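Each chain is listed here by its residues.
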Amino acid sequence: MPTSMPDIANHTTAQTEGTLDWVGMGNIEMPVMVASKDEAERMVSAHVDAFVNLKEPKAKGIHMSRLYLLLDELSSNQVLNHQNLVTLLDGFISSHQDLSDNAKVQFRFDYHLRRKSLISGKSGWKAYPVVITGRLNQGALDIELAIDVRYSSTCPCSAALARQLIQKAFVDKFSDNGEANLADIHEWLGTTEGIVATPHSQRSVAEIKVKLNQKVNDFPITDLVDTIEGALQTPVQAAVKREDEQEFARLNGQNLMFCEDAARRLQHAMNLEAGYDDFWLKINHLESLHAHDAVSVVTKGIAGGYQP
């Protein structure tokens, strides 16, 4: 004789009463088609967190399978854009009537872009870690795009110290010559004796979070990368020939940066962008001189916005 299956979440009460801020699932693996502004829709392998609050203190729990099935529908038949993200959050809440009035979802993935070399015209893939987070809090919508961009930073202090050593080496080499011969100087500068010191550089990471305004539908991932790399001028490269490496060395020499300099460059660039209601920046220079990192943090500085 068939019997109904037990439904503990619906038919039992909490052992200990209390409301919960978030309940759901973390680190769900699924493919997602992402709609990025100015780029073709692209499939990514995402890790997803899906949550609702539990506002009913006596309820045993939420219905996690409902969250998963809504995510699976997005993964299988839809594109991740602003509108579908809002619809997903609405679905999380409507599928938990009387239990929840807040919802949150987060998609984490690497977004690969073809980036051209500096001189040679070659191109290669670069992976940018991206996080898209949507929150619906009692009808108030908040959508955030976060991205990490790697670049090179060359220390202005060590550059000055290196120049001083080169000047000293020049004096030591040519002070006994009444008039230094241009050809001899040119040849000497091309030797390791001529360039006796170089400034220290290091791979660095700019972590950016932006709040998207309501005018945005497709996620401006490429636009944000272009803004960051354009402001810093020294993004790490993919395909590199010798002429590209030489140009990279020139760009580093012409864009000497403390972490404070990089933070202010990005602050200025982000303040000129109209598509973001708020931003948060963290600059990490992964020091080659020190065993620790040099860090700067800056926000747009609006009331009720991101905190440092």
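Not measured: the values here are computed from a predicted model. (Residues numbered from 1 in each chain as written. Predicted model: local features only at pLDDT ≥ 70, side-chain atom pairs only at ≥ 80, totals over all residues. Heavy atoms only, no water.)

Caption draft 1: View of the overall build of the protein chain. For the protein chain, the helix and strand inventory stands at eight helices and eight strands. Computed over the C-alpha atoms, the radius of gyration of the protein chain is 27 Å, more than 25% above the 19 Å expected from 2.2 N^0.38 for a compact globule of 308 residues. Overall, the C-alpha framework of the protein chain stretches about 110 × 40 × 35 Å when taken along its three principal axes. Of the contacts made within the protein chain by residues no fewer than 6 positions apart, 69% connect residues no fewer than 24 positions apart. Summed over all atoms, the accessible surface of the protein chain reaches about 17000 Å², with 50% contributed by carbon and sulfur. (Helix = DSSP H or I, 4+ residues; strand = E, 2+ residues; numbered from the N terminus. Rg over C-alpha atoms; globule rule 2.2 N^0.38 Å. Contact = heavy atoms within 4.5 Å. Areas by Shrake-Rupley, 256 points an atom, 1.4 Å probe, with all protein chains shown as cover.)

Caption draft 2: Up close: helix α2 (residues 64-77). Helix length check: α2 (14 residues) gives 20 Å between terminal C-alpha atoms against 20 Å at 1.5 Å per residue, within 8%. Buried within α2 are the following residues: L67, L71, L74 and S75. Looking down the long axis of α2, one finds its buried residues gathered within 95 degrees of arc, a one-sided arrangement. Exposed residues on α2 whose side chains face more than 90 degrees from its buried face are L69 and N77. (Expected span 1.5 Å × (residues − 1). Buried < 20%, exposed > 50% of the residue type's maximum accessible area, 1.4 Å probe, protein only. Arc of directions from axis to C-beta.)

Caption draft 3: Here's a closer look at the nonpolar core. Grouped together as the largest cluster of nonpolar side chains are 65 residues, with contacts concentrated most on L71, F107, F109 and I147. In this structure, L71 is in contact with I28, M30, V48, A50, L88, F92, V105 and F107, ignoring residues within four places of it in sequence. (Core = buried A, V, L, I, M, F, W, Y, C linked by side-chain atoms within 4.5 Å.)

Caption draft 4: Fine view of the pairing of strand β7 (residues 276-285). With eight of its ten residues buried, β7 lies for the most part within the structure. Where strand β6 (residues 201-212) and β7 come together, nine bridges link them in antiparallel fashion. Across the sheet, I208 pairs through a bridge with L281, a residue of β7. Pairing of β7 with strand β8 (residues 294-299), which is carried by six bridges, proceeds in the antiparallel orientation. (Pairing = 2+ DSSP bridges.)

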